[in-house]
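So you can see what is in the structure, the chains are spelled out below.
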Amino acid sequence: MTVTHPAGFTAAGAAVGIKANGNKDLALVVNTGPRHDSASVFTKNRCKANPVLWSERVVADGIVRAVVLNSGGANCYTGPDGFQTTHAVAEEVATKLDIGAFDVLVCSTGLIGLANDREVLLRGVGQVHQALADDGGVAAAEAIMTTDTVPKTVVVEGPGWSIGGMAKGAGMLAPQLATMLVVLTTDAVVSASDLDTALRAATRVSFDRLDSDGCMSTNDTVTVMASGASGIEPSVEDFTEALTRACTDLAMQLLADAEGADHEIAITVVGAATEDDAVEVGRSIARSNLFKAAIFGNDPNWGRVLASIGTTDAAFDPADLDVAMNGIWVCRTSTPAADAATVDLTPREVTVTVDLKSGPERATVWTNDLTHAYVHENSAYSS
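Since the model is a prediction, treat every value here as computed from it, not as a measurement.

Draft legend 1. Representation of the packing of aromatic side chains within the structure. Using the criterion set out here, one finds three aromatic pairs in the structure. Residues W54 and F102 carry aromatic rings whose centres are separated by 4.7 Å and whose planes lie at 20 degrees to one another, so their mutual orientation is stacked. Of this pair, W54 sits in helix α1 (residues 50-58) while F102 sits in the loop between α2 (79-97) and β5 (104-109), placing them 48 residues apart in sequence. Here W54 falls in the buried class, since its relative accessible area comes to 1%. Classification of F102 as partly exposed rests on a relative accessible area of 43%. Their ring planes at 40 degrees and their centres at 5.8 Å tell us that W161 and F239 sit as a pair that is tilted. Here the residue W161 occupies a position in the loop between β6 (152-157) and β7 (162-168), and F239 occupies one in helix α6 (residues 236-256), the gap between them amounting to 78 residues. Like W161, the residue F239 is buried in the burial classification. Taken together, the ring pairs connect W54, F83 and F102 into an aromatic cluster.

Draft legend 2. Representation of the nonpolar core in the model. Formed by 47 residues in total, the largest nonpolar core has its most connected members in V67, V68, L69, V93, V104, M166 and V183. By residue number, the principal contributor to this core is α2, which donates six residues. For V104, the residues in contact, after removing those within four places along its chain, are W54, V58, A66, V68, A90, V93, A94 and I99. Core analysis: the next-biggest nonpolar cluster, separate from the first, contains 32 residues, W161, I163, L243 and A246 among them.

Rules behind the numbers
- Residue indices follow the written sequence of each chain, beginning from 1 at its first position.
- Whole-chain, interface and lining totals are the exception, using all residues; otherwise, since this is a predicted model, local features are given only for residues with pLDDT of at least 70 and side-chain atom pairs are given and counted only at 80 or more.
- Based on all heavy atoms of the structure, the side-chain values leave hydrogens and waters out of the count.
- Under the pairing criterion, centres of Phe, Tyr and Trp rings, with the six-membered ring standing for Trp, must be within 6.5 Å; the plane angle then separates stacked pairs below 30 degrees from edge-to-face pairs above 60, leaving the rest tilted.
- Secondary structure is summarised from DSSP: a helix means a run of H or I of at least four residues, a strand means a run of E of at least two, and numbering begins at the N terminus for each.
- Throughout this description, buried means an accessible area under 20% of the type-specific maximum (1.4 Å probe, protein chains only), exposed means over 50%, and partly exposed covers the range between.
- To form a nonpolar core, buried Ala, Val, Leu, Ile, Met, Phe, Trp, Tyr and Cys residues must be joined to one another through side-chain atoms within 4.5 Å.
- Should any heavy atoms of two residues lie within 4.5 Å, those residues are considered in contact.

And the structure:
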């Protein structure tokens, strides 16, 4: 039941007329308490959509009682009227739930520059409010899909408490965050400050290391709400570990649904002087169109890996780098090693390991290959 698996939450998703194809396009997730602690992280893109500008204000006091999300239009660069639409939607949700508008997070996803019909949204709020149910999580997850082919959901069980989640995203997957909307719920007793600590730790090693195509969205939002309905207060460490598992699971689902991808690629950098060095190297490889095209062609072209490493400021000796592809060390000390022809890149899952031989740190960055289908889908997805 995703976000409605933990106690203290109801949700709904409905087709209210935002999308021309008639698919579900508006979701509502409500925290019924008894507690309403929350934390959120948003895109680092300086060009932010109206819902992000609104929601950044909402989360300041650590209290969120409801999240309303629409697909079919990003409400970004739609002028002051677009911000008023976001505000009006929050007010309508607040009126239906008898709460304050500044306790309502608003999220939108879709095309930039497309103004959402305010009246359609306001009527839609009434529809999803009437449809709220203890098992409404699946419908909510379906309602936030855009180019997604499947809804993304997760449940992680703790001792007497649980975490539920839903996500959308299939393109523009890049760090800080990705083109994603993510709602996480828990019935554990967790303060807003501890939720913030746990969420930032979890996203740092999950969503922020998903780098499908190097493009950063304007609307990204990840929020977690805690109802406290279980009455159980886990340690911050235990809750962070569970939340990280939930975020990583959702991140891998996003990667698996990346637009037109044939391969899911895990790039692990070891022997780094710092974790930041490992991430920088992994991200450089993940963003190389030459490397990604080679993987699409099932070509273990490790030279493109070395070329990408060389563009970074990480500590390493250019004459002493090792590279493995799907467990076969095709490069040792920056020279050819195992026959690259022995590397089988036909499976969907591909691993690349880089040893910088400069220290004890490591990190993994996830990406996918560059395919004809990706180019087609992103050229066809427009107004």
